[in-house]
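# What the coordinates show
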Amino acid sequence: MSVGLTRALRPAFALALTCALAACGGGTKFRPVSDTPIRVGAPYKVRGQTYTPAAQPGYDVLGYATWYGSESGNQVANGERFQPKWITGAHTTLPLPSYVEVTALDTGRRILVRVNDRGPFGESARIIDLSRGAAEALGVRAKGKAAVRVRVVEPTEKDRAALRKGKTAQDLPPISGATLANLQSQFESGVGTR
């Protein structure tokens, strides 16, 4: 290449490089991980189904949990960055963020989960999507779809702070055998097979 042509292309190359680097810095602005403000949100529609977010302090439901984890770095519904290893979840109508206790109905194992996203959409018996980290902590990752109980809770500030930092909350003891058998019976008569 001639020296004259190289000199002539330098400004074009510099402009192209500047534009490319500027595109890297102007991406999505993520909300800091925080419990305030709590966002309830307006009704919204997905695949023809309308969902109406609302405060639901008595929420206690049996259904299926699924998990997701390949969306690393994407923005979740409350504006935060999705971290697949964190103990988070998605729910269609709970305020964002919310805290729930999720119980695996095969084992009675319980964990605290911070809900910061919307979903799952589709099958009505699916009541929560767990991050990969939450599915692993609950022991249901290998199943893909697991029978669970989800109930809204108000954890201690220590547990909230741990979950906001991507760490697990305190270990919860498994539910009693009698309670687990009762929940399993309710699940099988009202939701489906485990």
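Residues numbered from 1 in each chain as written. Predicted model: local features only at pLDDT ≥ 70, side-chain atom pairs only at ≥ 80, totals over all residues. Heavy atoms only, no water.

### Details of the side chain of Glu101
Position of Glu101 among the secondary structure elements: in strand E5 (residues 98-104). Residue Glu101 is classed as buried on the basis of its relative accessible area of 5%. Polar contacts involving the side chain of Glu101 include one to the side chain of Arg110, which spans 3.0 Å. (Helix = DSSP H or I, 4+ residues; strand = E, 2+ residues; numbered from the N terminus. Buried < 20%, exposed > 50% of the residue type's maximum accessible area, 1.4 Å probe, protein only. Polar contact = N/O pair within 3.5 Å; in protein donor to acceptor, adjacent residues only side chain to side chain.)

### With respect to empty space enclosed by the protein
Under the criterion given, the structure shown has 1 cavity of 30 Å³ or more. Lining the largest cavity are Glu80, Arg81, Gln83, Trp86, Thr88 and Asn116. Looking at the lining of the largest cavity residue by residue, the classes come out as 1 nonpolar, 3 polar and 2 charged. (1 Å grid on protein atoms, 1.4 Å probe; cavity = no way out; pocket = protein on both sides within 12 Å on 5 of 7 lines; lining within 4 Å. Points joined across faces, edges and corners; volume = space filled by probe spheres on them. Nonpolar A, V, L, I, M, F, W, Y, C, P; charged D, E, K, R; others polar.)

### Points about the packing of aromatic side chains
Counted by the stated rule, this structure contains 5 aromatic pairs. A centroid spacing of 6.2 Å and a plane angle of 85° characterise the contact between Tyr44 and Phe121, whose relative ring orientation is edge-to-face. Of the two residues, Tyr44 sits in strand E1 (residues 44-46) while Phe121 sits in the loop between strand E6 (110-117) and strand E7 (126-131), which places them 77 residues apart along the sequence. One residue, Lys145, lies across the ring of Tyr64, its end atom 4.4 Å from the ring centre. (Phe/Tyr/Trp six-rings, centres within 6.5 Å; stacked < 30°, edge-to-face > 60°. Lys NZ or Arg CZ within 6 Å of the ring centre and 35° of its normal.)

### Observations concerning the pairing of E6
Residues in a regular strand project their side chains so that they alternate between the two faces of the sheet. Among the 8 residues that make up E6, 8 are buried, leaving the element largely enclosed by the rest of the structure. Pairing geometry for strand E4 (residues 88-90) and E6, over 3 bridges, is parallel. From the neighbouring strand, Ala90 faces E6, where its bridge partner is Asp117. For E5 and E6, the ladder comprises 6 bridges, and the chain directions are antiparallel. When the bridges of E6 are listed, Val102 appears paired with Ile111. (Pairing = 2+ DSSP bridges.)

### Some details on the sheet that holds E6
If you walk around this closed barrel you meet the 6 strands as E3-E7-E4-E6-E5-E8, and the pairing is mixed. Taken pair by pair, the neighbouring strands of this sheet meet at an average axis angle of 45°, ignoring direction. Note that E4 and E7 share 2 bridges and pair antiparallel. By the bridge assignment for E7, Gly89 is matched with Leu130. (Axes fitted to C-alpha atoms, helices over the stretch in contact; angles between N-to-C directions.)

### A look at helix H4 (residues 177-190)
Compared with an ideal rise of 1.5 Å per residue, which puts 14 residues at 20 Å, H4 spans 20 Å between its outermost C-alpha atoms and is within 8% of the ideal. Within H4 the residues assigned to the buried category are Leu180, Leu183, Gln184 and Phe187. Angularly, the buried residues of H4 cover 105° about the axis, an arc narrow enough to put them on a single face. Exposed side chains of H4 directed beyond 90 degrees from the buried face belong to Ala178, Ser189 and Gly190. Buried residues belonging to H4 abut strand E3 (60-68), E5 and strand E8 (145-152). In the stretch just after H4, Gly192 is the one whose phi turns positive, near 160°. (Expected span 1.5 Å × (residues − 1). Arc of directions from axis to C-beta. Contact = heavy atoms within 4.5 Å.)

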